[in-house]
Amino acid sequence: MATTAPVHPVDEVPPVRQLAAFGLQHVLAMYAGAVAVPLIVGSAMKLSAADLAYLITADLLVCGIATLIQCVGFWRFGVRLPIMQGCTFAAVSPMVLIGTTGGGLPAIYGSVIVAGLAIALLAPVFGKLLRFFPPLVTGTVILIIGVSLLPVAGNWAAGGQGAKGFGEPKNLALAGFVLLVVLGVQRFAPAFLSRIAVLIGIVVGLAVAVPFGFTDFGGVGDADWLGISTPFHFGTPTFHASAIASMLVVALVTMTETTGDLIAVGEMTDRGVEPRTLADGLRADGLSTVLGGVFNTFPYTAYAQNVGLVGMTRVRSRWVVAAAGGMLVLLGLLPKLGAVVAAIPAPVLGGAGLVMFGTVAASGLKTLAQVDFKGNDNLTVVAVSVAVGMLPVGVPTVYAQFPDWFQTVMNSGISAGCLTAIVLNLLFNHLPEKAGSPAKAAEPDEASATA
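Each chain has its residues counted from 1, running along the sequence as written. Reporting of local features is limited, given that this is a predicted model, to residues whose pLDDT is at least 70; pairs of side-chain atoms are given and counted only at 80 or more, and all residues count toward the totals for whole chains, interfaces and linings. As a rule here, side-chain values cover all heavy atoms of the structure and leave hydrogens and water aside.

Topic: the overall build of the chain
To be explicit about the condition: Numbering goes from the N terminus for both helices and strands, where a helix is a DSSP run of H or I of at least four residues and a strand is a run of E of at least two. Our radius of gyration is a C-alpha quantity, and the globule rule it is checked against amounts to 2.2 Å times the number of residues to the power 0.38. Residue exposure (1.4 Å probe, protein chains only): buried if accessible area is under 20% of the type maximum, exposed if over 50%, otherwise partly exposed. In this analysis, two residues are considered to be in contact whenever any of their non-hydrogen atoms come within 4.5 Å of each other. Only the protein chains shown count as cover for residues, and all accessible areas are computed by the Shrake-Rupley method using a 1.4 Å probe.
Of the regular secondary structure elements, the chain holds 19 helices and 2 strands. Computed over its C-alpha atoms, the radius of gyration of the chain comes to 22 Å, within 12% of the 22 Å expected for a compact globule of 451 residues. Taken along the three principal axes of its C-alpha coordinates, the chain extends 75 × 60 × 55 Å. In the chain, which comprises 451 residues, the share counted as buried stands at 55%. Put simply, 83% of the contacts in the chain that link residues at least 6 apart link residues at least 24 apart. Total accessible area on the chain stands at roughly 19,100 Å², and carbon and sulfur atoms take up 68% of it.

If you want it as structure tokens, here you go:
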């Protein structure tokens, strides 16, 4: 009697009801971050309200398409893991500079298209670097990803960066209430409900927020029912050498960040990322970034906040995230739906974010638990890497006097910490031993596990 091979949890397709609930949870977790990039860039360029709305709907549409490419995949594009895609914050400063110094949006989109092509071409090269990401490095990077996201959750909990009532006790009380709801559902509710604890926390938080005046749905009535993004809406792309150079630096940063995120999700889902699958994931990033340049939006990368959601809910199906990608496409085509989601107040997202981002950091600690710290310098590798990664998070202007390319790389705590961890691992675990030091090769199995 023939038996069918068991389906890996990553490839399982949950029932439609669960797909919808789990997918919506992912959308709500990343929505604020997804729309922040077009808002920041468009506002810096003093675009009209109509153009800002156009940038946001275009971004949501391409976010959804990029997520589908990454999760579902075709040919050699897509890592086929539960990965949400969104605009990278690493590109914000360079794009604002390009857009406000004479090039405008066409110059931004020209540089974005070139950067996307470069990512796709460099993907196989990055894939071969996977051997430089042992548990010592990956655990450190995942820890840095989680800790560097916590200030984002803190800003949301306080009311949102730049909000009029930032830090008011009522904002933090609402965030704390949502946090308690999430924890209560996860601890006491049945298995299915515990897996959508974040979604329940956000819905309950929104229900409390509306009567207390935290938000209103006035913008929903003003939003259009249908919005279609057309290629090159803001004009034919132009190609300036300086703009392209700065965006290529951004491309290297996003490839480094995406590598860390893909490895993190691979570990959480028990489907380890290999050189070929890493290259496929990065190639999908490149294609999505090219689409971003064509459809009036920006460079794309894996979203770390959704990495935390995968770890917290233990829902490993890539089809759940593919469903979330489909929802983003709908939000991009139906601006009125996007306005409903946009009405969720920041403190509600902050309460949920504290759990999700903390889960990412805890996953990094779990990976580091596999590492041997006895009789070697691995503790130094972790300590210095975390310190370098946290420096721009704690002191955002620390590199303000450095060249733009340096700021692009080092102002991202994730890329700064990742590069530091790779270099220090090579320095302490791959170079010949110094004279008179105890041989670390006495236990080759442990050495190979940590180096």
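Some points on the packing of aromatic side chains
To keep things clear, this is the line we draw: Two rings belonging to Phe, Tyr or Trp (six-membered ring only in the last case) form a pair when the distance between their centres is within 6.5 Å. Interplanar angles under 30 degrees mark stacking, angles over 60 mark edge-to-face geometry, and anything in between is tilted.
Tallying each qualifying case throughout the model produces 7 aromatic pairs. The interplanar angle of 20° and the centroid separation of 5.1 Å between the aromatic rings of Phe74 and Phe77 together place this pair among those described as stacked. On the accessibility criterion, Phe74 (41% relative accessible area) is partly exposed. The rings of Phe74, Trp75 and Phe77 are connected pair by pair, giving a single aromatic cluster.

Some thoughts on the packing of helix H5 (residues 135-157) against helix H10 (residues 241-268)
Operational definition: The angle between two axes is taken between their N-to-C directions and runs from 0 to 180 degrees, where each axis is a line fitted to C-alpha atoms and a helix contributes only its stretch in contact. Should an angle fall under 35 degrees it is taken as roughly parallel, and over 145 as roughly antiparallel, whereas 65 to 115 is taken as roughly perpendicular and any remaining angle as oblique.
In the contact formed by H5 and H10, the axes pass within 10 Å of each other and the chain directions differ by 105°. By the angle class used here, H5 and H10 are roughly perpendicular. Contact with H5, carried on its side by Thr138, Val141, Ile142 and Ile145, involves Gly260, Asp261, Ile263, Ala264 and Glu267 of H10 and no other residues of that element.

Some details on the confidence of the model for the chain
Spelled out, the test is: Every residue carries a pLDDT, the predictor's confidence in it, which falls somewhere between 0 and 100.
Mean pLDDT over the chain stands at 82; residues scoring 70 or higher make up 90%. At the level of individual helices and strands, the chain shows its lowest average pLDDT in helix H19 (residues 444-450), which scores 43, and its highest in helix H11 (residues 275-294), which scores 93. Within the model, pLDDT remains below 50 along residues 441-451, and this stretch shows 14 contacts once partners closer than five positions in the same chain are excluded.

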